Structures are given as structure tokens and as C-alpha cells.
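# Survey of secondary and tertiary structure
One letter stands for each residue in the lines below.
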Amino acid sequence: MRLCLCNFTTLSETQKKMILTWRNHKDVKACMYNANTISEAEHLSFIESLKTREDRRYFLVQNEGMDIGVIDFNDISKESAVMGLYVNPTLHQKGIGSLLMDAIVAYAFETLKVHTLKAEVFENNAKAKALYEKFGFCEKGRKMVHEKEVICMELINEHR
Ligand SMILES: CC(C)(COP(=O)(O)OP(=O)(O)OC[C@H]1O[C@@H](n2cnc3c(N)ncnc32)[C@H](O)[C@@H]1OP(=O)(O)O)[C@@H](O)C(=O)NCCC(=O)NCCS
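Residues numbered from 1 in each chain as written. Predicted model: local features only at pLDDT ≥ 70, side-chain atom pairs only at ≥ 80, totals over all residues. Heavy atoms only, no water.

This brings us to unusual backbone geometry. The backbone of E64 sits at a positive phi, close to 50°, despite the residue not being glycine. For E64, the location among the structural elements is in the loop between β2 (57-63) and β3 (66-74). (Helix = DSSP H or I, 4+ residues; strand = E, 2+ residues; numbered from the N terminus.)

Structure, rendered in C-alpha cells:
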């Protein structure tokens, strides 16, 4: 396994457009807080904004040259960060989510050096919830977002 993390701010125009098609895929957007279809202008402007944001980082992840998905970190502080991910929806093989989680956990605890990694998942997203639990995340609370129940989960560095 050879995972490569490509910061969104360094991507080619073709890569940026590929990611927009993933982000607008019905299976991906249904799991996001912003479930609207994102325009190309909005997408490019979001990526541009990342150049000056210390509190968020987004990466295209490649495994041995293959584009396998996106991982992101939001609300980054010295203590914690909130993670997110989606698998390239054109791939239909098991295990990609776990590969992305390997990259997330390593980056959070070894590069960002946070103590707590947080995740938020819609209560009906059983697949993502099971994936987070497999990596040691525990439920810490619940909240409502857009009238849907969200589970707030955490992984502490010492517990991974
Ligand atoms: C959630 C997502 C990342 C999972 O990716 P994946 O490639 O299917 O994950 P994996 O094949 O590595 O499976 C990892 C674990 O997820 C769980 N899982 C997978 N398929 C499942 C299913 N149908 N039902 C319940 N749990 C499931 C299992 O615990 C599995 O581990 P195991 O195979 O060792 O038992 C992927 O479906 C995705 O990108 N979804 C859309 C975006 C999204 O939901 N992001 C998270 C927002 S909070």
C-alpha cells in the first residue's frame, strides 16, 4: 500500500473537475451537510479559499497512483480536528473506506498531532458509522442538523 495525499490547493484543473463530479454524486452528497449540487465556480472558489485557511485541509488520496477518494480536516486546533471522507464513487471495491481511514488517523495524530479526532455522521449512515467504530471511534453525543439526527463521535490518540 502506498498512499499519497494531494492537497486540494495543488491539484490540476482536471483533478479539481474530477473531484467535483465525485462530490456531486448522489451517494456522496446525500451524506454531506450541504446536499446541494455544487457549481464549478463554487467548487473552484472553495478550493482557492483553502490557501488562506489554517483551520481546514482537504486532500485527494491516491493509492499506487489510483484516485481513491477525498479526506478532510475541519476546525483544526492544537487539541482537535473534525474529519470527513468520501470514496471515489466510480470504484466498486471493498476496503477503500478503510484505506482512507488509515490515512486520516495517521495524518491527524502524526502530522496535525491532535489529541482528539472528531467525526459527525448522520444517524442513518450505518456504513460510515460502522467504519468509524472499526477504527475505535466512540459516540459522544447527538445533535440535529437540517432536521436529521447526527451522531458525534471521537477517537482519542491513546485509544487508537
Ligand atoms: C462510508 C464509506 C467511506 C465507506 O467506504 P467503504 O469503501 O464501503 O468501506 P470499507 O469497504 O472499507 O468498509 C469498512 C467498514 O465499513 C463497514 N461497512 C461496510 N459496508 C457496510 C454496510 N453495507 N453496512 C454496514 N457497515 C458496512 C464495515 O464495518 C466495514 O468493515 P469490515 O469490512 O472489516 O467489516 C463510503 O461508503 C462513502 O464514501 N460513502 C459516501 C460518503 C460518506 O458517507 N462519508 C461519510 C460521511 S460521515
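Surrounding the ligand, one finds 19 residues, the nearest of these being V87, G95, G97, S98 and N125. At a separation of 2.8 Å, an oxygen atom of the ligand approaches a polar side-chain atom of N125. In the complex, the protein chains occlude 72% of the 940 Å² of accessible area that the ligand would expose alone. Mapped onto the shell around the ligand, the elements with two or more residues apiece are β4 (80-87), α4 (96-111), β5 (116-122) and α5 (126-134). With six residues, α5 is the largest single contributor of residues to the shell around the ligand. Classifying every residue of the shell around the ligand gives 10 nonpolar, four polar and five charged. (Near = heavy atom within 4 Å. Polar contact = N/O pair within 3.5 Å; in protein donor to acceptor, adjacent residues only side chain to side chain. Areas by Shrake-Rupley, 256 points an atom, 1.4 Å probe, with all protein chains shown as cover. Nonpolar A, V, L, I, M, F, W, Y, C, P; charged D, E, K, R; others polar.)

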